[in-house]
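Coordinates in review
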Amino acid sequence: MSTATRSLPRTIGAHAILLTYTAIALFPVILVILNSFKSRAGIFGAPLTPPTPGTFDLIGYTTVIGQGDFIHYFQNSLVVTVASLFFVLLFGAMAAFALSEYRFRGNSMMGLYLALGIMIPIRLGTVAILQLMVASGLVNTLTALILVYTAQGLPLAVFILSEFMKQVSDDLKNAGRIDGLSEYTIFFRLVLPLVRPSMATVAVFTMIPIWNDLWFPLILAPSEETKTVTLGAQLFLGQFVTNWNAILAALSLAIMPVLILYVIFSRQLIRGITSGAVK
Amino acid sequence: MGSLKIENVKKAFGPVEVLKGIDLEVTDGEFVVFVGPSGCGKSTLLRVIAGLEDSTAGRVVIDGADVSATPPAKRGIAMVFQTYALYPHLTVKNNMGLGLKQAGTPAAEIDRRIGIASSMLSLEPYLERRPAELSGGQRQRVAIGRAVVREPKLFLFDEPLSNLDAALRVNTRLEIAQLHRRLKATMIYVTHDQVEAMTLADKIVVLNAGRIEQIGGPMELYNSPANEFVAGFIGSPKMNFIDGGRLGEIAKTIGVRPEHLTVDPKSGRWKGTVVHAEHLGADTNLYLDCEKAGLITVRIFGVYDAEPGATLYATPDPARTYRFGADGKTMK
């Protein structure tokens, strides 16, 4: 049975490709989760099989919860991610609004300057950032991480959001001006709700690298007090002995919060990605 | 209580001059329509009056007070936009009341005014709805209601009917005309549609390329256009322009409106062939390819049977033939 727009072989082909891709993408994640529920012998004996009654073991999870201060690490990761996300979205949206709404000298140069960060990895400036943090006494604080991540996320946020803000109707903003709304009210009450899908897109793209980052926590905030989850998991990576149960359990746990945030944003996300394409 | 004076207003976006010195006076209670082709600066002029754009030079005076440096909310104006521009997150009632709330009007007064406006525009059943739950015509009525509750000195309309379908456009046009009669307020209305201009206006301002071509009442513009541009813009179908040289006239161009031509199958001034006939019932538009005059349009009232290819003679009404000089101005 075939219609004008879809034929059976083509549908099968497309699904085959998509399923293969899904399998490849999910394979490592599933492997981590499966093995986190197995004993050490089970992990090394048959790494690809699901846990059986013989190999099922929660030792990894008990180690993680018992040994390291993992609840605290989780808390640190969450604080850093949520705070950075908040600042990236707030400042990114405000800068994007100014760039798209107001005509001023150097507008396009400013836009280019703010977008430059997309092309230059922030890690190139690690030494200077470390010196700056030492000088300002921010080493081993979560503030240091939040500042760095905000800087890291802003260029992409400004770039994406300013494109979307240009699509918000001028008439609507002008109607607000005639009704006596301030520019801030226009921004927060009229414009932001209309660009919510694109905000979700930016949120997801910003959130994942922050949550997964190992580099800056290791350099700027390695103390016990400020460790993040990814850094905390390193605890079980020894030079000679590696506690695989604990590492896999820690990583499985670390997936959860980011997965929850992703599910929250994803409905908006799809709209955000496609909304520019049609209409 | 609603006069407007514009003195030598100019507006340039970088090197592009959009308004090249506009002078205009609107008296209290007048319905003035700005009309012109797209890009002529009519919307920009309205935005300058509203305060949404700053003029590069010149003054805007509302009720004797220079408002050139006053923000839009303090000018005592209300504006209706082409795209309605309703606040999507507010109900119809709050959409209408927001401006008054911002200005610190007491709640009882806001409710009273919303009551009057919504009964005037028959919006009462929809007061608790959001804009997304309304049809296009209802949305535009809400936008008009939002302007009415502010009791402004000046109503500004920026192509309010362009997003509506043809039937609704006629209805809403009627409503705006009735609203003007009832409120006796000063209204300024921008459109590119000369039919809207002719039907609504007390006074029409024809703009072209950033300049005013002519100001006058609808019949004044129709009967004595100042120049070729106004003559061509006002009236539908468009006036026929014929090269004066081909007809042996001194004037550069001769203009005859389609309705001021008569046709006869046997004799007449200009012999031509029917190229196409449009039968509209109430009238018939004939397109004639004439030996002397070129392609012309003839409007005949009532039904007229003419097959393409037939030969017809067209004769202009000598009293209603216009002559334009080399500078485009009408010759007396």
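What to know about the overall build of chain A
Helices and strands together make up the secondary structure of chain A, namely 13 helices and zero strands. Starting at the N terminus and ending at the C terminus, chain A contains elements arranged as α-α-α-α-α-α-α-α-α-α-α-α-α. Each principal axis of the C-alpha atoms in chain A carries an extent, and together these give about 70 × 70 × 30 Å. Relative to all contacts within chain A whose residues are 6 or more apart in sequence, the contacts with residues 24 or more apart total 76%.

What to know about the interface of chain B and chain A
Every contact between the two is made by 17 residues of chain B and, on the other side, twelve residues of chain A. Breaking the side of chain B that touches chain A down by element, the ones donating at least two residues are β6 (77-80) and α2 (92-102) of chain B. Split into classes, the residues belonging to the side of chain B that touches chain A amount to twelve nonpolar, five polar and no charged.

Remarks on the domain arrangement of chain B
Split by domain assignment, chain B resolves into domain 1 (4-230) and domain 2 (239-324). The centre of domain 1 of chain B, based on its C-alpha atoms, is set 38 Å off from the matching centre of domain 2 of chain B.

Comments concerning the packing of helix α3 (residues 107-120) of chain B against helix α4 (residues 136-149) of chain B
All names here are of chain B. Viewed as axis vectors pointing N to C, α3 and α4 meet at an angle of 140 degrees, and their least axial separation amounts to 9 Å. The angle between the axes of α3 and α4 places the two elements in the oblique class. Here α3 and α4 pass one another in a crossing that is right-handed. Counted together, R113, I114, A117, S118 and M120 of α3 and G145, V148 and V149 of α4 form the full contact between these two elements. Residues belonging to the contact of α3 with α4 are distributed by class as follows: five nonpolar, two polar and one charged.

As for the environment of S236(B)
Position of S236(B) relative to the elements: it lies in the loop between α8 (228-233) and β11 (240-243). Leaving out residues up to four positions away in the same chain, S236(B) has contacts with Q194(B) and V195(B).

Some words on the confidence of the model for chain B
Residues and elements named next belong to chain B. On average, residues of chain B score 92 in pLDDT, and 100% of them are at 70 or above. No element of chain B has a lower mean pLDDT than helix α5 (residues 166-183), at 91, and none a higher one than strand β3 (residues 31-35), at 96. Across the assembled chains, the prediction reports ipTM 0.85 with pTM 0.81.

Topic: unusual backbone geometry
All names here are of chain B. Cis geometry is found at the peptide bond from S236 to P237, where omega equals -5 degrees. As for its position among the elements, P237 is in the loop between α8 and β11. Not every positive phi belongs to a glycine, and K184 is a case in point at roughly 50 degrees.

Considerations on the sheet that holds strand β4 (residues 57-62) of chain B
Residue and element names in this part refer to chain B. The sheet built from four strands is open, its strands ordered β2-β1-β4-β5 with antiparallel pairing. Two strands lie at the open edges of the sheet, namely β2 (16-26) and β5 (65-66), each paired on one side alone. Two elements, β4 and β5, share two bridges in a ladder whose sense is antiparallel. The partner of V61 across the bridge, within β5, is D66.

Quick word on the packing of helix α5 (residues 107-115) of chain A against helix α7 (residues 142-165) of chain A
Residues and elements named next belong to chain A. For the pair α5 and α7, interaxial distance at closest approach is 7 Å and the crossing angle is 135 degrees. Viewed along their axes, α5 and α7 adopt a mutual orientation that is oblique. Each of G111, L114 and A115 in α5 lies in contact with α7, whose residues at this interface are P155, V158, F159 and S162. Of the residues that constitute the contact of α5 with α7, the class distribution is five nonpolar, two polar and no charged.

Digging into the pairing of strand β8 (residues 186-191) of chain B
Residues and elements named next belong to chain B. Taken across its six residues, β8 has six buried, putting it largely inside the fold. Neither face of β8 is left uncovered, since the one carrying T186, I188 and V190 and the one carrying M187, Y189 and T191 both have all their residues buried. Direction of pairing for β3 relative to β8: parallel, over a ladder of five bridges. The residue of β8 that forms the bridge with F34 is V190. Relative to β8, strand β7 (residues 154-158) is paired through five bridges, and the arrangement is parallel. Bridge assignment links F155 to a residue of β8, and that residue is M187. At this point the chain moves from β7, through α5, to the parallel β8, and the crossover so formed is right-handed.

Observations concerning the pairing of strand β1 (residues 4-13) of chain B
Residue and element names in this part refer to chain B. Sheet analysis places β1 next to β4, joined by five bridges and oriented antiparallel. Looking at β4, one finds that I6 is bridged to V60. Hairpin connection of β1 to β2: two residues between the antiparallel strands, including G14 at a positive phi of 60 degrees.

Details of the confidence of the model for chain A
In the predicted model, chain A carries a mean pLDDT of 86, and 94% of its residues have values of at least 70. Per-element confidence in chain A is highest for helix α6 (residues 126-135) of chain A, whose mean pLDDT is 94, and lowest for helix α13 (residues 244-275) of chain A, whose mean pLDDT is 78.

Brief notes about the domain arrangement of chain A
All names here are of chain A. Domain boundaries in chain A define domain 1 (1-57) and domain 2 (61-275). Spacing between the C-alpha centres of domain 1 and domain 2 amounts to 30 Å. On the domain 2 side, the residues contacting the seven residues of domain 1 number seven residues. Among the elements that take part in the side of domain 1 that touches domain 2, helix α1 (residues 8-36) stands out by supplying five residues, more than any other. Counted by class, the side of domain 1 that touches domain 2 contains four nonpolar, two polar and one charged residues.

Quick notes on the sheet that holds strand β9 (residues 203-208) of chain B
All names here are of chain B. Taken in spatial order, the six strands make up an open sheet running β6-β7-β8-β3-β9-β10, and their pairing is mixed. Where the open sheet ends on each side, the last strands, each with one partner, are β6 and β10 (211-216). Across the sheet, the axes of successive neighbouring strands diverge by a mean angle of 20 degrees, strand direction being ignored.

The rules we used
- Residues numbered from 1 in each chain as written.
- Chains lettered and ligands numbered in written order.
- Predicted model: local features only at pLDDT ≥ 70, side-chain atom pairs only at ≥ 80, totals over all residues.
- Helix = DSSP H or I, 4+ residues; strand = E, 2+ residues; numbered from the N terminus.
- Contact = placed C-beta atoms within 7 Å.
- Nonpolar A, V, L, I, M, F, W, Y, C, P; charged D, E, K, R; others polar.
- Domains from an automatic or database assignment.
- Axes fitted to C-alpha atoms, helices over the stretch in contact; angles between N-to-C directions.
- Parallel < 35°, antiparallel > 145°, perpendicular 65-115°, else oblique.
- Left-handed = near helix turned anticlockwise from the far one by under 90°.
- pLDDT = per-residue confidence, 0-100.
- Pairing = 2+ DSSP bridges.
- Buried ≥ 20, exposed ≤ 12 C-beta atoms within 10 Å, placed from the backbone.
- Right-handed = clockwise from strand over helix to strand, strands pointing away.

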